[in-house]
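This is what each chain is made of:
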Amino acid sequence: MWEDATPKPMPETAEHRDGSSPAPAARRSDGKTQDNLILWAQILLCAAILAGVYAAKTLGLPIYATLRTAFDQAMQEQGLDAFGEERELVRFIQTGIDTLGEAAQQVAVSLADGAATGETASRTVHGRNAPQQAPAGSSLESYLPDFELTLPLPAGFSCTSGYGWRQDPTAEDGSEDFHTGKDLAAAEGTPVYAAADGTVRTAALGSSYGNYVRILHEAGDETLYAHMQYVFVRPGQQVRQGQQIGTVGQTGNVTGPHLHFELLHAGIRYDPTEALGLA
């Protein structure tokens, strides 16, 4: 058998012909490393906040309930899709941090106000003594937006629960809680209308609110519609005053079909009775 005697080129070595070593490949500078550092920093910060929430629960601090509610709302607004992509995860963590930060600030302001006024009156709320004032995130003062609100339900509904302190209808021990909205009872399937023009900020399912919609209006004012049977809008959608956004239901923490309606200004809840013309 003949052998191929043609000279073969020698394989390249790690050195140049002059004996020098090749220069190392340039490191990519596309910002990936920096993005990863930012992501991990946000994850660690979020973990630290969650550790604080757990500590508040363990020590029985009043701030725990507020922080727990704020975290639940952040989870509901972002949804499980937040864990699908790295960019969405960053947005989810940042939203959670912002929401918990706002809640902590509101609690701090509330505690400072209580210390300054020296209020000692109390109510029994779920077996604990609490100041006779609005909890963090709510106000007992009246507020009227610069735009007109129309009724979110057609005629025929009845007001079953107002804004403020009340006996909790879902508590077996007859304790009190702070009701953050106005309950309008109507038959299941009754149309629910947007009270004003705006943009849907949230359309989701919550453990307490059930199916709910949160609409952003002028000057940062918002309205919230809870316990709905069906929701007909999606986040980011523009809606007009009087447009149907869903139907009355009994989802979430309820005792019967009704619409729970809230009015918010700068993130604080106010009594919507006067704004809806129901005073």
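From a predicted model like this one, the values you see are computed outputs, not experimental measurements.

Here's the deal with the packing of aromatic side chains
The tally for this structure, following the rule as stated, stands at five aromatic pairs. A centroid spacing of 5.4 Å and a plane angle of 85 degrees characterise the contact between Trp165 and Phe178, whose relative ring orientation is edge-to-face. Residue Trp165 is located in strand S4 (residues 164–167), and its partner Phe178 is located in strand S5 (residues 176–179); the two are separated by 13 residues in the primary sequence. When its relative accessible area of 11% is taken as the criterion, Phe178 is described as buried. Ring geometry for Tyr209 against Tyr212: centres 5.1 Å apart, planes inclined by 45 degrees, an arrangement best described as tilted. Tyr212 sits in the buried class, given a relative accessible area of 2%. In textbook terms, an aromatic cluster arises when at least three aromatic residues are bridged by ring pairs, as seen for Tyr163, Trp165 and Phe178.

Thoughts on the environment of Asn253
Locating Asn253 in the fold gives a position in the loop between strand S12 (244–248) and strand S13 (258–265). Remark: the alpha-carbon pair of Asn253 and Gly206, spanning 47 residues in sequence, is separated by 9.4 Å.

Digging into the side chain of Arg269
Residue placement: Arg269 occurs in strand S14 (residues 268–270). A polar contact of 3.2 Å, which involves the side chain of Arg269, links it to the side chain of Tyr209.

Parameters and conventions
- Residues numbered from 1 in each chain as written.
- Predicted model: local features only at pLDDT ≥ 70, side-chain atom pairs only at ≥ 80, totals over all residues.
- Heavy atoms only, no water.
- Phe/Tyr/Trp six-rings, centres within 6.5 Å; stacked < 30°, edge-to-face > 60°.
- Helix = DSSP H or I, 4+ residues; strand = E, 2+ residues; numbered from the N terminus.
- Buried < 20%, exposed > 50% of the residue type's maximum accessible area, 1.4 Å probe, protein only.
- Polar contact = N/O pair within 3.5 Å; in protein donor to acceptor, adjacent residues only side chain to side chain.

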